[in-house]
Amino acid sequence: MPGTTNLKGDTTIVVLGASGDLAKKKVRRNPNPQTFPALLRLYERELLPQNTTIFGYARTKMEQKEFHERIEPNLKASSDDVKQKFLETCKYIPGAYDEDAAFQNLAKEIEQAEKERNNAKQNRIFYLALPPNVFASVSAQLKRNCYSNNGVNRVVVEKPFGKDTESCQKLIDEMKQLWSEQETFRIDHYLGKEMVKNILPFRFSNPVMDLSLNNKVVDNVQITFKEPFGTEGRGGYFDEFGIIRDIQQNHLCQVFCLLAMDEPEDFSAEAIRDQKVKLLKQTKPISTDEVLLGQYTAANGKPGYKDDETVPKDSNTPTFAAVVLHVDNERWKGVPFIIKAGKALDEGKVDIRVQFKEPEKKMVSEVARNELVFRVQPDEAIYFKSNTKLPGHNNISVPVELDLTSSKRFKDSYIPEAYEALILDCIQGKHSNFVRDDELLASWEIFTPLLHGIDSGKVPCTTYEYGSRGPAKLDEFIAKFGFKYDENYVWPVTNVADYAAKV
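Here is what the cut-offs are and how they apply
Throughout, residues of each chain are indexed from 1 in the direction in which the sequence is written. Note on the predicted model: pLDDT of at least 70 is required for a residue's local features to be given, and 80 or more for side-chain atom pairs to be given and counted; whole-chain, interface and lining totals, by contrast, use all residues. To get the side-chain values, all heavy atoms of the structure are used, and hydrogens and water are removed first. Under the scheme used here, helices are H or I runs from DSSP no shorter than 4 residues and strands are E runs no shorter than 2 residues, and both carry numbers assigned from the N terminus. Every radius of gyration here is taken over C-alpha atoms, with the globule rule written as 2.2 Å times N^0.38, N being the number of residues. Each residue gets one of three labels from its accessible area relative to the maximum for its type: buried under 20%, exposed over 50%, partly exposed in between, using a 1.4 Å probe on protein chains only. His residues and chain termini do not enter the charge count, which takes Lys and Arg as positive and Asp and Glu as negative. For charged residues, the charge sits on one atom: NZ in Lys, CZ in Arg, CG in Asp, CD in Glu. Helices are assigned an expected span. That span is 1.5 Å times one less than the residue count. It only takes one pair of heavy atoms within 4.5 Å for two residues to be counted as in contact. Side-chain atoms within 4.5 Å are what join buried Ala, Val, Leu, Ile, Met, Phe, Trp, Tyr and Cys residues into a set we call a nonpolar core. Between the rings of Phe, Tyr and Trp (Trp by its six-membered ring), a pair exists once the centres lie within 6.5 Å; its type follows the angle of the planes, with under 30 degrees stacked, over 60 edge-to-face, and the other angles tilted. For helices, the fitted axis covers only the stretch in contact; all axes are lines through C-alpha atoms, and the angles between them, taken along N-to-C directions, range from 0 to 180 degrees. Comment on the angle field: the value is read as roughly parallel under 35 degrees, roughly antiparallel over 145, roughly perpendicular from 65 to 115, and oblique elsewhere. With the far helix as reference, a near helix turned anticlockwise by less than a right angle produces a left-handed crossing, and one turned clockwise produces a right-handed crossing. Only Asp, Glu, Lys and Arg are considered charged in this grouping, and only Ala, Val, Leu, Ile, Met, Phe, Trp, Tyr, Cys and Pro are considered nonpolar; every other residue, Gly among them, is considered polar. Working definition: a disulfide is two cysteine sulfur atoms within 2.5 Å of each other. When a carboxyl oxygen of Asp or Glu lies within 4 Å of a side-chain nitrogen of Lys or Arg, that pair is called a salt bridge. Polar contact is the term for a pair of N or O atoms within 3.5 Å; when the atoms are in protein, one must be able to donate a hydrogen and the other to accept it, and sequence-neighboring residues count only if both atoms are side-chain atoms.

1. Let's talk about the overall build of the protein chain
Point 1. In terms of regular secondary structure, the protein chain is built from 17 helices and 15 strands.
Point 2. The C-alpha radius of gyration computed for the protein chain amounts to 24 Å, which stays within 12% of the reference 23 Å derived for 503 residues, consistent with globular compactness.
Point 3. Taken along the three principal axes of its C-alpha coordinates, the protein chain extends 80 × 50 × 45 Å.
Point 4. Counting across all 503 residues of the protein chain, residues that qualify as buried make up 55%.
Point 5. Taking the average location of the 68 positive side-chain charges in the protein chain and that of its 74 negative ones, the two points are 1 Å from each other.

2. Remarks on helix 12 (residues 269-281)
Point 1. In this model helix 12 runs 18 Å from its N-terminal to its C-terminal C-alpha over 13 residues, within 8% of the 18 Å that 1.5 Å per residue would give.
Point 2. Among the residues making up helix 12, those that are buried are Ala 269, Ala 271, Ile 272, Arg 273, Gln 275, Lys 276, Val 277, Leu 279 and Leu 280.
Point 3. Where the residues of helix 12 are buried, they touch helix 9 (199-204), helix 11 (235-260) and helix 15 (437-455).

3. Thoughts on the nonpolar core
Point 1. Core analysis: the largest hydrophobic core is formed by 143 residues, its most contacted members being Leu 16, Phe 36, Leu 128, Leu 142, Phe 256 and Phe 337.
Point 2. Per element, the largest residue contribution to this core is twelve residues, and it comes from helix 11.
Point 3. If we skip the residues at most four places from it in the chain, Leu 16 touches Tyr 57, Phe 103, Phe 126, Tyr 127, Leu 128, Ala 129, Leu 130, Val 138 and Leu 142.

4. Regarding the packing of aromatic side chains
Point 1. The tally for this structure, following the rule as stated, stands at 21 aromatic pairs.
Point 2. When the centroid spacing of 6.5 Å and the interplanar angle of 50° are considered together, the rings of Tyr 190 and Phe 225 count as tilted. Remark: Phe 225 occurs in strand 7 (residues 218-226) and Tyr 190 occurs in the loop between strand 6 (184-187) and helix 8 (194-197); sequence separation between them is 35 residues. Like Tyr 190, the residue Phe 225 is buried in the burial classification.
Point 3. Consider the rings of Phe 356 and Phe 384, whose centres lie 5.9 Å apart with planes at 55°: the pair is tilted.

5. Concerning the packing of helix 11 against helix 15
Point 1. In the contact formed by helix 11 and helix 15, the axes pass within 11 Å of each other and the chain directions differ by 150°. As the angle between them shows, helix 11 and helix 15 are arranged roughly antiparallel. The handedness of the crossing between helix 11 and helix 15 is right-handed. Residues Ile 244, Arg 245, Gln 248, Gln 249, Cys 253 and Gln 254 of helix 11 lie in contact with helix 15, whose contacting residues are Glu 439, Leu 440, Ser 443, Trp 444, Phe 447, Leu 450, Leu 451, Ile 454 and Asp 455.
Point 2. When the residues that make up the contact of helix 11 with helix 15 are grouped by side-chain class, the tally is eight nonpolar, four polar and three charged.

6. Remarks on the state of the cysteines
Disulfide: a covalent bond connecting the sulfur atoms of a pair of cysteines.
Point 1. Summed over the entire model, instances satisfying the criterion amount to zero disulfides.
Point 2. Here Cys 90 stays free of any disulfide, with the sulfur of Cys 426 as its closest cysteine sulfur at 17 Å.
Point 3. Judged by relative accessible area, Cys 90 falls into the buried class, the value being 0%.
Point 4. The thiol of Cys 168 is not disulfide-bonded; the next cysteine sulfur, from Cys 253, is found 12 Å away.

7. Comments concerning the pattern of salt bridges
Point 1. Tallied over the full model, the rule gives 33 salt bridges.
Point 2. Residue Glu 270 pairs with Arg 273 through a salt bridge whose shortest N-O separation is 2.7 Å. Highlighted residues: Glu 270 and Arg 273, both in helix 12, separated by three residues, approximately one helical turn.
Point 3. When the shortest N-O distance is used, the salt bridge between Asp 351 and Arg 353 registers 3.7 Å. Accessibility assignment for this pair places Asp 351 and Arg 353 in one class, buried.
Point 4. One salt-bridge network, in which partners are shared between bridges, spans Arg 203, Asp 210, Asp 262, Lys 278 and Arg 331.

8. Quick notes on the environment of Ala 381
Point 1. Structurally, Ala 381 is set in strand 13 (residues 381-389).
Point 2. Excluding residues within four positions of it along the chain, Ala 381 makes contact with Met 195, Val 373, Phe 374, Arg 375, Leu 404, Thr 405 and Ser 406.

9. Considerations on the side chain of Glu 371
Point 1. With respect to the secondary-structure elements, Glu 371 resides in strand 12 (residues 371-377).
Point 2. Residue Glu 371 is classed as buried on the basis of its relative accessible area of 4%.
Point 3. Engagement of the side chain of Glu 371 in a polar contact is seen with the side chain of Gln 355, the distance being 2.7 Å.
Point 4. Those residues within four positions of Glu 371 in sequence are excluded, and the remaining contacts are Arg 353, Val 354, Gln 355, Phe 356, Tyr 383, Phe 384, Lys 385, Phe 483 and Lys 484.

10. Remarks on unusual backbone geometry
Point 1. With an omega of -5°, the peptide bond running from Gln 377 to Pro 378 counts as cis.
Point 2. Here Asn 51, not a glycine, exhibits a phi torsion of approximately 60°, which is positive.
Point 3. Its place among the elements puts Asn 51 in the loop between helix 2 (35-44) and strand 2 (53-58).
Point 4. Backbone geometry places Ala 344, a non-glycine residue, at a positive phi of 60°.
Point 5. Assessed through its relative accessible area of 0%, Ala 344 is described here as buried.

Keep in mind these values describe shape, not function.
This is the structure:
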């Protein structure tokens, strides 16, 4: 099948939308470098197929030199020589997104590069760093004019994959008329993050851990995404989508799937994605009674969301959302999954926090809940909060960590950027870290009723100050679903005398 082949031989990679922010620098809506910086990392580590040629294609008219000057400042290499050699593999072709003649010219340039490489195979990867409203038209042009009949073809598409179930279905149908599912790689960059990729190995290589993830011992789960900055001049773009579409329906929903899915029959891409779809179909649509929405206002010398001239003054678009997912299956029935995401908050972090139930019988009066925590960023780590006796002449229990902080445990380890890892997966034909069509639709089914309620103004936003933890009722909201905050917890070092006095 065409999607399972590892492209070891000559390959052409075409980045469409190459003049935009999505391709040349840190992504407007994500904190990770994409395409060209990621391709450089792969090139430097000799992970690209041999004799790879990279084409940038966009509507902007510019010469090769100007194109190199645009992408060069964002390329971080071990030496100028490496960077220069990488740039020599990168060519630029200007052209429209809806004209046959433009794509025929692109095909001519690709064929010339393939002829110079003198290889029988003509493998081609098309990376669409483009807005979704041109996905279908560009895909049609590529299929009609640039598709290789003597090699492997792959198309990589970026989110957002629609705005609700209906628009997602329409986009899937349009793409399927042109590209098979095996040829299609839908990128969600969270699936390329090192700690997210570690969830399944950690669960299923440690039976004691996976056997603890069920409603018999788990009280609640929190998946949290926090950014310390606001929309930063892109409020008009953000207002079209909001925090739920931008972060929760895709990134955090993928994290939820990996944490909560049942063990697959095997660890092939399709078996893993089958279990993710099964879980999503068992998850109930979000109730509007179990939602807390917020919009940040000016504070701490920072402007509010609606201070952006591109944001409508009557906007009901949330910049913060806490929603609760409920899974209707034997493993998770009764366990709330609290999914939180927000901009302009007090810190930047992403983590998963599994909070376990308290023991039925307590040896001492104060016992903190056990917690399993995956810290996705910053400083990737997994730690388990457990209780131990405080040293000394006392009978006090104190929470401590069994801690795996990657940077401490694995010296000199190299952690690839998310897009670097995912582009390599695409080259190798590995689909497990990409999103399948039915997986997309099942996810949208959970979020669409809520999103339509927000869009129609039926689910209002409260406000919160820029730099705060979020809306004032946040603690009350998460406590309603069982989460308990341990105010006595001390990290990383506990002073015995101080702790004993405090409790």
